[in-house]
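For reference, the chains in residue letters:
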Amino acid sequence: MRSGLAQTSTRARAIMARLEVVSVQHRHQARQGARYDARMPIQFRPIAAVALAAILVAPVVQARKTKSIIDQAVEAYQSTNSFTVPAAGSIEVAFSPNEGSEHLVIKVIDSAKTSLDLLSYSFTSVPVVEALVRARHRGVVVRLVADEKDNISADRSGKAKAALGALASAGAEVRTIRVYAIHHDKVIIADHQTVELGSFNYSDAAARRNSENVLVNWGNPKLAEVYLKHFQRNYAQATAYVQGY
């Protein structure tokens, strides 16, 4: 029994160190509401709270017989971190290669009257860039977050840098992001009302050579709100694109 308690204590200290939460000696404070180290990212605080609660009340068990406390905490957090959005508006879909996917993406861009917020992995499509420049000319606020590696450091052809530069020169807010292994989002939010998503990269290969899909939910502001929060998170983590490097 004593050996089991020692193992539990060791696991608890390791978990709390990883999450940068208050030390084990403050457990009585956790019962009244856990206090967190200010350095901890906000998105990890729910995980820390669940992990701390699990440590305080979990029985002594053999690790090989049950999932670790941290695994249980992460699963509990993830299971409550999805979004349910009421059905609204209309759905339009298209496919690639050469089955209307690029046309549908440009249709969304051309429909925008006030704002376009884009998340991108590959960003080299001339028709998409031209549509975004047209949007800027009619006064639409355009913001783009694109994967840094694919479009900057690994861009041997120069096509991505040229696309980002053209958009920045038109007055769009262009940022690149490198905090994730891959920034694989492909999303457009138009006027906080319409969302375009799917596998379609904003590239010629996606339009003409790859098997891809595009789905647009026209007129669903609740869905747009959810995706806009995701966009804002990535936008805050990205850095402004500087032409010339």
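Remember, it's a predicted structure, so these values are computed and weren't measured experimentally. Note that residues are indexed from 1 along each chain, following the sequence as it is written. Confidence filtering applies because this is a predicted model: local features only for residues at pLDDT of at least 70, side-chain atom pairs given and counted only at 80 or more, and all residues used for totals across whole chains, interfaces and linings. Side-chain figures throughout are based on the complete set of non-hydrogen atoms in the structure, without hydrogens or water.

Enquirer: Before we move on, can you summarise the overall build of the protein chain with the specific residues and values?
Expert: Scanning the protein chain from N- to C-terminus turns up ten helices and eight strands. Taken across its 245 residues, the protein chain has 40% of its residues classed as buried. Note on definitions: a residue-residue contact is assigned when non-hydrogen atoms from the two residues lie within 4.5 Å. The long-range fraction of contacts in the protein chain, counting pairs at least 24 apart against all pairs at least 6 apart in sequence, stands at 73%. The protein chains shown are the only cover counted for residues, whose accessible areas, like all others here, come from Shrake-Rupley with a 1.4 Å probe. Only carbon and sulfur atoms are counted for the fraction: they give 54% of the accessible area of the protein chain, which is about 13500 Å². Here a helix means four or more residues in a row that DSSP labels H or I, a strand means two or more in a row labelled E, and each is numbered from the N terminus. Only protein chains enter the accessibility calculation, which uses a 1.4 Å probe; a residue whose area is less than 20% of its type maximum is buried, one above 50% is exposed, and one in between is partly exposed.

Enquirer: I'd like to hear about unusual backbone geometry, residue by residue, with values.
Expert: Between Ser 96 and the following residue, Pro 97, the backbone shows a cis peptide bond with an omega angle of 5°. Considering the arrangement of structural elements, one finds Pro 97 in the loop between β1 (90–96) and α5 (101–111). The phi dihedral of His 192 is positive, around 60°, even though this residue is not glycine. Checked against the element boundaries, His 192 lands in the loop between β5 (187–190) and β6 (194–198). The class of His 192 is partly exposed, set by a relative accessible area of 40%.

Enquirer: Outline a nonpolar patch on the surface, supporting the account with residue identities and numerical values.
Expert: On the surface, a cluster of nonpolar side chains totalling about 280 Å² of accessible area is made up of Ile 91, Val 93 and Phe 95. Tracing the sequence through the fold places Val 93 in strand β1. Since its relative accessible area comes to 45%, Val 93 is described here as partly exposed. Residues forming no salt bridge and having over 30% relative accessible area are the ones grouped into patches, like charges within 9 Å of each other and nonpolar side chains (Val, Leu, Ile, Met, Phe, Trp, Tyr) within 5 Å. Any carboxyl oxygen of Asp or Glu within 4 Å of a side-chain nitrogen of Lys or Arg constitutes a salt bridge here.

Enquirer: Tell me about helix α8 (residues 159–169), residues and numbers included.
Expert: Listing the buried residues of α8 in full gives Ala 160, Ala 163, Leu 164, Gly 165 and Leu 167. In this fold, the buried residues of α8 make contact with α6 (126–137), β3 (141–147), α7 (148–153) and β4 (173–177). At the exit of α8 stands Gly 171, carrying a positive phi of roughly 100°.

Enquirer: Break down the sheet that holds strand β2 (residues 115–120) for me, with residues and values.
Expert: What makes two strands pair is DSSP finding at least two bridges between them. The strand order across the open sheet formed by eight strands is β1-β7-β6-β5-β2-β3-β4-β8, and the pairing between neighbours is mixed. The sheet is open, and its two borders are formed by β1 and β8 (239–240), each paired with just one other strand. As paired elements, β6 and strand β7 (residues 212–218) share four bridges and run antiparallel to each other. In the strand pairing of β7, Val 195 is matched with Asn 217. Strands β1, β2, β5, β6 and β7 of the sheet are contacted by α5, whose axis makes an angle of about 30° with β7. Under this scheme, a helix contributes an axis fitted over its contacting stretch, all axes are lines through C-alpha atoms, and angles between N-to-C directions fall in the 0 to 180 degree range. The sheet contacts of helix α10 (residues 221–237) involve β2, β3, β4, β5, β6, β7 and β8, and relative to β3 the element is tilted by about 60°.

Enquirer: So what's going on with the pattern of salt bridges? Which residues, and what values?
Expert: Taken as a whole and assessed by the stated rule, the structure comprises seven salt bridges. As a salt-bridge pair, Lys 107 and Glu 92 come within 3.1 Å of each other at their nearest N and O atoms. Highlighted residues: Lys 107 in helix α5 and Glu 92 in strand β1, separated in sequence by 15 residues. Among the salt bridges present, the one from Arg 143 reaches Asp 117, with a minimum N-O distance of 2.8 Å. Of this pair, Arg 143 sits in strand β3 while Asp 117 sits in strand β2, and the two are 26 residues apart along the sequence. In this pair, the class of Arg 143 matches that of Asp 117, namely buried. Taken together, the shared-partner salt bridges in this structure form one network comprising Glu 102, Asp 204, Arg 208 and Arg 209.

Enquirer: Summarise the environment of Leu 167; cite the residues concerned and give the values.
Expert: Of note, Leu 167 is situated in helix α8. Residues in contact with Leu 167, not counting those within four places in the same chain, are Phe 123, Leu 132, Val 133, Leu 144, Ala 172 and Val 174.

Enquirer: I'd like a rundown of the nonpolar core, residues and numbers included.
Expert: For the purposes of this section, nonpolar cores are sets of buried Ala, Val, Leu, Ile, Met, Phe, Trp, Tyr and Cys residues that join through side-chain atoms within 4.5 Å. Of all hydrophobic cores here, the largest spans 37 residues; its most connected members are Ile 109, Leu 116, Phe 123 and Leu 132. At the level of elements, α5, β2, α6, β3, α8, β5, α9 (204–208) and β7 are the ones that each hand at least two residues to this core. With six residues, α6 is the largest single contributor of residues to this core. What Phe 123 contacts, discounting residues up to four positions off in sequence, is Val 128, Val 129, Leu 132, Leu 144, Asn 151, Ala 160, Ala 163, Leu 164, Leu 167 and Tyr 202. If you look at the next biggest cluster of nonpolar residues, it comprises 13 residues, including Val 145, Val 187, Val 195 and Phe 231.

Structural measurements only, silent on function.
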